[in-house]
Number of protein chains: 2
Amino acid sequence: VERDEGTTAENMADKPALYSYWRSSSAWRVRLALGLLGVDYEYRAVHLVKDGGEQHKADYTDKNSFGLVPTLNIDGLELTESLAIFEYLHETSKIPGKAAAAGSGDGSLLPDDVAERAAARQVASAIATNIQPIQNLRVLQRAAAPGGEMEKKVEWANYWISSGFEALEKLLEKTTENGKSRFCVGNNVTMADCFLVPQVYNAIRWKVDVSKYPLISKITAECEALPLFKAAHPDAQPDAQP
Amino acid sequence: VERDEGTTAENMADKPALYSYWRSSSAWRVRLALGLLGVDYEYRAVHLVKDGGEQHKADYTDKNSFGLVPTLNIDGLELTESLAIFEYLHETSKIPGKAAAAGSGDGSLLPDDVAERAAARQVASAIATNIQPIQNLRVLQRAAAPGGEMEKKVEWANYWISSGFEALEKLLEKTTENGKSRFCVGNNVTMADCFLVPQVYNAIRWKVDVSKYPLISKITAECEALPLFKAAHPDAQPDAQP
């Protein structure tokens, strides 16, 4: 396991640093996790488009070999993969008093009940494996090759997000007991909501009619009203563009 | 959270049932998890190809709205998403005496050390999000549309697995400390190895030269020699085809 060079007790007390891009849905998930837990962090912008993408340059791929954001430096570790980061934060963040700092939810990423935890992880994982990767920038570029026409990109992304949302809506019928709960699982924000909201943003960007999915729409609206979600939104990031 | 209808103490003591397809890499991961933990289970075959795919029929999509395998019935729950299933099994399976039944490894899915757990989850998640979904059957079919030429499928799958393996090899340099450990993380089989081996099978199927990735090759060979991995192999499943 790789730790940062020069890890010392002093460094380990440093503020966590998040390598992020304002519009990346995976980085957005982790901004939400850190916000929910009330973890203060340094924002390090990685521009995914400028000069062919800073994420492909050696000083970034040394941290994240896939050339993807986010990467989180925390506790002397360099962590990649949003799902793995959530599990790490879940395991290490059970510190009393975090809830107040988070300002919403109960300051934990997963519910206390084991079956509800499984439900939250199923929602997050379904988005992270069955929907988002297939409409990711690099896949869209190849799906629309060689011409790279925007029309082809929209068609591809729209198809995968729409069919994914149909299935996700059905999964949410189970996890919310047909809409009885306020969020994806229960009445507190969990990991599942942190994965849902960025995916809905992508859906709108790729012209999916999200109103066709009532639970997805309702939960997203609940989330977007919270200060936690306003703070993590792409437009509120230091590298946001008009 | 949906539980099976008619959940009773008696049903909950029933043998777990795994909805699987011999060649599905996601179902294979879960066969490995159950094997590693020494959990006896009933195998329920879902034929992904016959008659347009049994996974799309209502009696299966009621269980798994994405129409994907695996689904695991266990403890009165119906669980989807291999990553979520691993976390559930990890949380619920810490029962002394499981190690002997597993016949290899230490009978647990994740290492004891928190940093090593994060490493194992990064490897598993990188495969499950950055590689496998993009070369999945349904994506290949659409990438090769409208003609569905095998040549186009090979080109697409080969590209994504090859570029994924280049990045994965670099991640494994970190998690194995440049090949010092026997498996992906440490000297016991973990979740990471359960995700790696099925992905290597897919790589070979799509004509990727796996010998270009020395750590991936070495770890896969270590795993394939174990009875655990022989038992979970597609060719050893009841629905295997010649």
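Because the structure is predicted, anything quoted here is derived from the model rather than measured.

**A look at the interface of chain B and chain A**
On the chain A side, the residues contacting the 51 residues of chain B number 51 residues. Between chain B and chain A, the buried area comes to about 4,500 Å², and carbon and sulfur atoms account for 61% of it. Summed over the shared surface of chain B and chain A, the number is 8 salt bridges. Its salt-bridge partner being arginine 117 of chain B, residue glutamate 91 of chain A comes within 2.9 Å of it at the nearest N-O pair. Linking chain B to chain A there are 20 residue pairs in polar contact (both at pLDDT 80 or more). Broken down by secondary-structure element, the contributors of at least two residues to the side of chain B that touches chain A are strand E4 (77-80), helix H4 (82-92), helix H6 (114-131), helix H7 (137-143) and helix H8 (150-175) of chain B. For the side of chain B that touches chain A, the element with the highest residue contribution is H6 of chain B, accounting for 14 residues. Across the side of chain B that touches chain A, the residue classes break down as 25 nonpolar, 9 polar and 17 charged.

**Side note on the sheet that holds strand E4 (residues 77-80) of chain A**
Residues and elements named next belong to chain A. Judged by pairing direction, the sheet is mixed, and its 4 strands sit side by side in the order E2-E1-E3-E4 without closing on themselves. Each having just a single partner strand, strand E2 (42-45) and E4 make up the two edges of the open sheet. Recorded for the sheet is a direction-independent mean angle of 20 degrees between the axes of neighbouring strands. Both strand E1 (residues 17-20) and strand E3 (residues 71-74) contribute to a ladder of 3 bridges, which runs antiparallel. Paired with leucine 18 across the strands is leucine 72, a residue of E3. Against the sheet, helix H2 (residues 25-37) makes contact with E1, E2 and E3, and its axis sits at roughly 155 degrees relative to E1, the strand it touches most. Strands E3 and E4 of the sheet are contacted by helix H4 (residues 82-92), whose axis makes an angle of about 130 degrees with E4.

**So, the relation of the copies chain B and chain A**
Overlaying chain B with chain A gives an RMSD of 0.0 Å, the required rotation being 180 degrees about an axis along which the chain moves by 0.0 Å. Expressed as a symmetry operation, the mapping of one chain copy onto the other fits a two-fold axis. Every residue of chain B has its C-alpha some distance from the rotation axis, and the shortest such distance is that of threonine 129 of chain B, at 2.4 Å. Counting the interface residues of chain B, we find that 100% of their copies in chain A are interface residues as well, pointing to one common contact surface.

**Section: the packing of aromatic side chains**
Here the structure, examined in full by the defined rule, presents 15 aromatic pairs over all chains. Aromatic side chains tyrosine 19 of chain A and tyrosine 60 of chain A sit 5.9 Å apart centroid to centroid with 55 degrees between the ring planes, which places their arrangement in the tilted category. In this pair, tyrosine 19 of chain A sits in strand E1 while tyrosine 60 of chain A sits in helix H3 (residues 58-61), placing the two residues 41 residues apart along the sequence. Considered together, tyrosine 19 of chain A and tyrosine 60 of chain A belong to a single accessibility category, that of buried residues. Summarising the aromatic geometry, the rings of tyrosine 21 of chain B and tryptophan 22 of chain B are spaced 6.2 Å apart at their centres and angled 65 degrees between planes, so their arrangement reads as edge-to-face. The buried category is assigned to tryptophan 22 of chain B, whose relative accessible area is 5%. By way of ring pairs, the aromatic residues Trp156, Tyr159 and Trp160 of chain A together with Trp156, Tyr159 and Trp160 of chain B are connected into one cluster.

**Notes on unusual backbone geometry**
Here the amide bond leading from valine 69 of chain A into proline 70 of chain A is cis, since omega sits at 5 degrees, within 30 degrees of zero. Summarising the element assignment, proline 70 of chain A is placed in the loop between H3 and E3. Following alanine 145 of chain B, the chain continues into proline 146 of chain B via a peptide bond in cis, with omega recorded as 0 degrees. Tracing the backbone shows proline 146 of chain B in the loop between H7 and H8. Non-glycine residue glutamate 81 of chain A carries a positive phi angle of around 75 degrees. Its place among the elements puts glutamate 81 of chain A in the loop between E4 and H4.

**Here we look at the side chain of serine 93 of chain A**
Residues and elements named next belong to chain A. The residue serine 93 is located in the loop between H4 and helix H5 (98-102) in this model. Since its relative accessible area comes to 10%, serine 93 is described here as buried. Of note is the side chain of serine 93, whose polar atom sits 2.5 Å from the backbone oxygen of leucine 89.

**Points about the sheet that holds strand E2 (residues 42-45) of chain B**
Consider a sheet: its strands pair through backbone hydrogen bonds, and that pairing is either parallel or antiparallel. Residue and element names in this part refer to chain B. Pairing in this open sheet of 4 strands is mixed, and the strands run E2-E1-E3-E4 from one edge to the other. Two strands close off the open sheet at either side, each with one partner strand: E2 and E4. Between one strand axis and the next, the sheet turns by 20 degrees as a mean value, whatever way the strands run. As defined by bridge partners, strand E1 (residues 17-20) adjoins E2 across 4 bridges and the pair is classed as parallel. Paired with alanine 17 across the two strands is glutamate 42, which belongs to E2. Of the strands in this sheet, strand E3 (71-74) and E4 are in contact with H4, which crosses E4 at around 130 degrees.

**Some thoughts on the pattern of salt bridges**
In the structure shown here, the tally under the stated rule is 22 salt bridges over all chains. Close ionic contact of lysine 15 of chain A with aspartate 40 of chain A constitutes a salt bridge, the shortest N to O distance being 3.4 Å. Of this pair, lysine 15 of chain A sits in the loop between helix H1 (9-12) and E1 while aspartate 40 of chain A sits in the loop between H2 and E2, placing them 25 residues apart in sequence. The partner of lysine 63 of chain A in a salt bridge is glutamate 78 of chain A, and the shortest N-O contact between them spans 3.9 Å. Of this pair, lysine 63 of chain A sits in the loop between H3 and E3 while glutamate 78 of chain A sits in strand E4, placing them 15 residues apart in sequence. Sharing partners across several salt bridges, the network here consists of Glu87, Arg117 and Arg121 of chain A together with Glu91 of chain B.

**With respect to the side chain of arginine 31 of chain B**
Residues and elements named next belong to chain B. Here arginine 31 shows up in helix H2 (residues 25-37). With no salt bridge to any partner, buried arginine 31 finds its closest opposite charge in aspartate 239, at an N-O distance of 6.1 Å. Here tryptophan 22 takes part through its backbone oxygen, which lies 3.2 Å from a polar atom of the side chain of arginine 31. Beyond its immediate stretch of four places on either side in the chain, arginine 31 contacts Leu18, Ser20, Tyr21, Trp22, Tyr41, Tyr43, Ala232, His233, Pro234 and Gln237.

Conventions adopted
- Residues numbered from 1 in each chain as written.
- Chains lettered and ligands numbered in written order.
- Predicted model: local features only at pLDDT ≥ 70, side-chain atom pairs only at ≥ 80, totals over all residues.
- Heavy atoms only, no water.
- Contact = heavy atoms within 4.5 Å.
- Buried area = accessible area lost by both parts, 1.4 Å probe.
- Salt bridge = Lys/Arg side-chain N within 4 Å of Asp/Glu carboxyl O.
- Polar contact = N/O pair within 3.5 Å; in protein donor to acceptor, adjacent residues only side chain to side chain.
- Helix = DSSP H or I, 4+ residues; strand = E, 2+ residues; numbered from the N terminus.
- Nonpolar A, V, L, I, M, F, W, Y, C, P; charged D, E, K, R; others polar.
- Pairing = 2+ DSSP bridges.
- Axes fitted to C-alpha atoms, helices over the stretch in contact; angles between N-to-C directions.
- Least-squares fit on C-alpha atoms with pLDDT ≥ 70 in both.
- Phe/Tyr/Trp six-rings, centres within 6.5 Å; stacked < 30°, edge-to-face > 60°.
- Buried < 20%, exposed > 50% of the residue type's maximum accessible area, 1.4 Å probe, protein only.
- Lys, Arg positive; Asp, Glu negative; His and termini not counted.

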